[in-house]
Amino acid sequence: QVQLVESGGGLVQAGGSLRLSCAASGRLFRINAIDWYRQPRGKQRELVATISSGGRTNYADSVKGRFTISRDNAKNTVYLQMNSLTPEDTAVYYCNANVWLIAIHESFNTWGQGTQVTVSE
């Protein structure tokens, strides 16, 4: 079984920065693509950024130029650097990974528990 744990959320003033981490743990696995999603209170979850196994990235228009997704394969960790934050970025942020289980040659998607990001004016 593979688990994802997000960290790095918190309260920050508008214009500030935060770096979120998503760490994967388990046995005999490989992480393929990882996405960051966010869900503002009372709204639907939305895709924020994606990074492929090869490092190719994509971003939602609302965060382009402000957010950067990166990964450290040796640590099985993905990061989301968030700069120039605005109150509209307030949400619970989740990571979602496509995981390849080496022992059984199967892949599946799994979610982390989420981390709250609150941006004050």
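Structure: above.
None of these values were measured; they are calculated from a predicted model.

A. Representation of the environment of Thr50. Counting through the fold element by element, Thr50 comes out in strand E5 (residues 46-51). Setting aside chain neighbours within four positions, we find Thr50 in contact with Ile34, Asp35, Arg56, Thr57, Asn58 and Ile69. Side chain to side chain, Thr50 and Asp35 meet in a polar contact 2.9 Å long.

B. Fine view of the sheet that holds strand E3 (residues 18-25). The strand order across the open sheet built from 4 strands is E1-E3-E8-E7, with neighbouring strands paired in antiparallel fashion. Single-partner strands in this sheet number two, and they are strand E1 (3-7) and strand E7 (67-72). Ignoring strand direction, the axes of neighbouring strands in this sheet form an average angle of 15°. Note: E3 against strand E8 (residues 77-82), 6 bridges, orientation antiparallel. Among the inter-strand pairings, Leu20 is bridged to a residue of E8, identified as Leu80.

C. Inspection of the nonpolar core at higher detail. Trp36, Val48, Phe67, Leu80, Met82 and Tyr93 are the most contacted members of the largest nonpolar core, which totals 30 residues. Residue contributions to this core peak at 6 residues, all from strand E9 (residues 91-101).

D. Main features of the pairing of E8. Burial within E8 is extensive, with 5 of its 6 residues counted as buried. Both E7 and E8 contribute to a ladder of 6 bridges, which runs antiparallel. Bridge assignment links Ile69 to a residue of E8, and that residue is Leu80.

About the thresholds
Throughout, residues of each chain are indexed from 1 in the direction in which the sequence is written. Residues qualify for local features only when their pLDDT is at least 70, as the model is predicted, and side-chain atom pairs are given and counted only at 80 or more; totals for whole chains, interfaces and linings, by contrast, use all residues. Heavy atoms from the whole structure form the basis of all side-chain values; hydrogens and water molecules are not counted. Runs of E in the DSSP output that reach at least two residues are strands. Runs of H or I that reach at least four are helices, and both are numbered from the N terminus. Every residue pair with non-hydrogen atoms within 4.5 Å of one another is taken to be in contact. Pairs of N or O atoms within 3.5 Å make up the polar contacts considered here, provided that, within protein, one atom can donate a hydrogen while the other can accept it, and that residues adjacent in sequence are counted only when both atoms are side-chain atoms. Pairs of strands are assigned from DSSP output, requiring at least two bridges between the strands. Whenever a helix is involved, its axis is fitted only over the stretch in contact; in every case the axis is a line through C-alpha atoms, and angles between N-to-C directions fall within 0 to 180 degrees. Among buried residues, those of type Ala, Val, Leu, Ile, Met, Phe, Trp, Tyr and Cys that are joined through side-chain atoms within 4.5 Å constitute a nonpolar core. Working definition: with a 1.4 Å probe on protein chains only, accessible area under 20% of the residue-type maximum means buried, over 50% means exposed, and in between means partly exposed.

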